[in-house]
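What follows is each chain in one-letter form.
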Amino acid sequence: MELQKSMVRVETVLESVKKSAEETKEKVSRFEKILYAAGVIMVICVVVGGWFLSAAKDFAMTYFKATVEAQAKQSSDLPRSPQIKPRP
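What counts and what doesn't
Every chain is numbered on its own, with residues counted from 1 as its sequence reads. Predicted model: local features are reported for residues with pLDDT of at least 70 only, side-chain atom pairs are reported and counted for 80 or more only, and whole-chain, interface and lining totals are derived from all residues. As a rule here, side-chain values come from all non-hydrogen atoms in the structure, and water together with hydrogens is ignored. Numbering of helices and strands runs from the N terminus, with a helix taken as a DSSP run of H or I at least four residues long and a strand as a DSSP run of E at least two residues long. Only protein chains enter the calculation, and the probe is 1.4 Å; a residue is then buried if its accessible area is under 20% of its type maximum, exposed if over 50%, and partly exposed in between. Residues enter patches when they are more than 30% accessible in relative terms and free of salt bridges; like-charged ones are connected within 9 Å and nonpolar ones (Val, Leu, Ile, Met, Phe, Trp, Tyr) within 5 Å. Computed with a 1.4 Å probe, the accessible areas rest on the Shrake-Rupley method; for each residue, only the protein chains presented here act as cover. Every case where a carboxyl oxygen of Asp or Glu lies within 4 Å of a side-chain nitrogen of Lys or Arg is listed as a salt bridge. Positive residues here are Lys and Arg, negative ones are Asp and Glu, while His and the chain termini are left out of the count. Lysine's charge is taken at NZ, arginine's at CZ, aspartate's at CG and glutamate's at CD. Pairing of aromatic side chains here covers Phe, Tyr and the six-membered ring of Trp, requires ring centres within 6.5 Å, and sorts the geometry by plane angle: under 30 degrees stacked, over 60 edge-to-face, intermediate tilted.

Visitor: Can you walk me through the overall build of the chain in this structure?
Guide: Per the secondary structure count, the chain includes 1 helix and 0 strands. Taking all 88 residues of the chain together, the buried fraction comes to 0%.

Shown next, in the form of C-alpha cells:
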C-alpha cells in the first residue's frame with residue numbers, strides 16, 4: 001500500500017514537472033519571437049539611420065561648397081585697398 005501511495009506522489013510530481021516544462025517552453029518560444037522582432041527593428045533603424053546620415057552629409061557638403069564659393073567670389077569682387085607703407 002505504501003508503494004502505491006508513493007507512486008501516486010511520484011506521478012503527481014512528474015505531472016507538475018511536465019506542466020512546468022510546457023509553460024517554460026511557451027515562454028522561451030515567445031522570447032525567441034520578441035528577440036527576432038527586435039533584431040528586425042534594429043536592422044531597419046540602422047538602414048534608415050545610415051540613409052539619413054548620408055543624406056545629411058550630402059546636403060552639408062553641397063551647402064558648405066556653395067557658401068565657400070560665394071565667399072570666394074565676394075572676396076574677389078571687392079576692390080583692393082592700397083597698402084600703407086610704414087614711415088622710415
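Back to the write-up after that little detour.
Visitor: Looking at this model, I keep getting lost on a negative patch on the surface. Mind explaining?
Guide: Taken together, Glu11, Glu15, Glu22, Glu23 and Glu26 make up a surface patch of like negative charges. Locating Glu22 in the fold gives a position in helix 1 (residues 2–77).

Visitor: In this structure, what is going on with the pattern of salt bridges? I would like to understand it.
Guide: Two side chains that carry opposite charge are able to pair once their charged atoms sit near each other. Evaluated as defined, the whole model comprises 1 salt bridge. Asp58 serves as the salt-bridge partner of Lys57, at 4.0 Å between the closest nitrogen and oxygen.

Visitor: What's the story with the packing of aromatic side chains in this structure? I'm lost.
Guide: The way to describe two aromatic rings as a pair is by their centre distance and the angle between their planes. Under the definition given, this model contains 2 aromatic pairs. An angle of 15° between the planes, with centres 6.3 Å apart, marks the rings of Phe59 and Tyr63 as stacked. Highlighted residues: Phe59 and Tyr63, both in helix 1, separated by 4 residues, approximately one helical turn. Note on Phe59: relative accessible area 59%, which makes it exposed. A residue is classified by how much of its surface remains accessible, and Tyr63, at 49% relative accessible area, is partly exposed. These aromatic residues form a ring-pair network of at least three members: Phe59, Tyr63 and Phe64.

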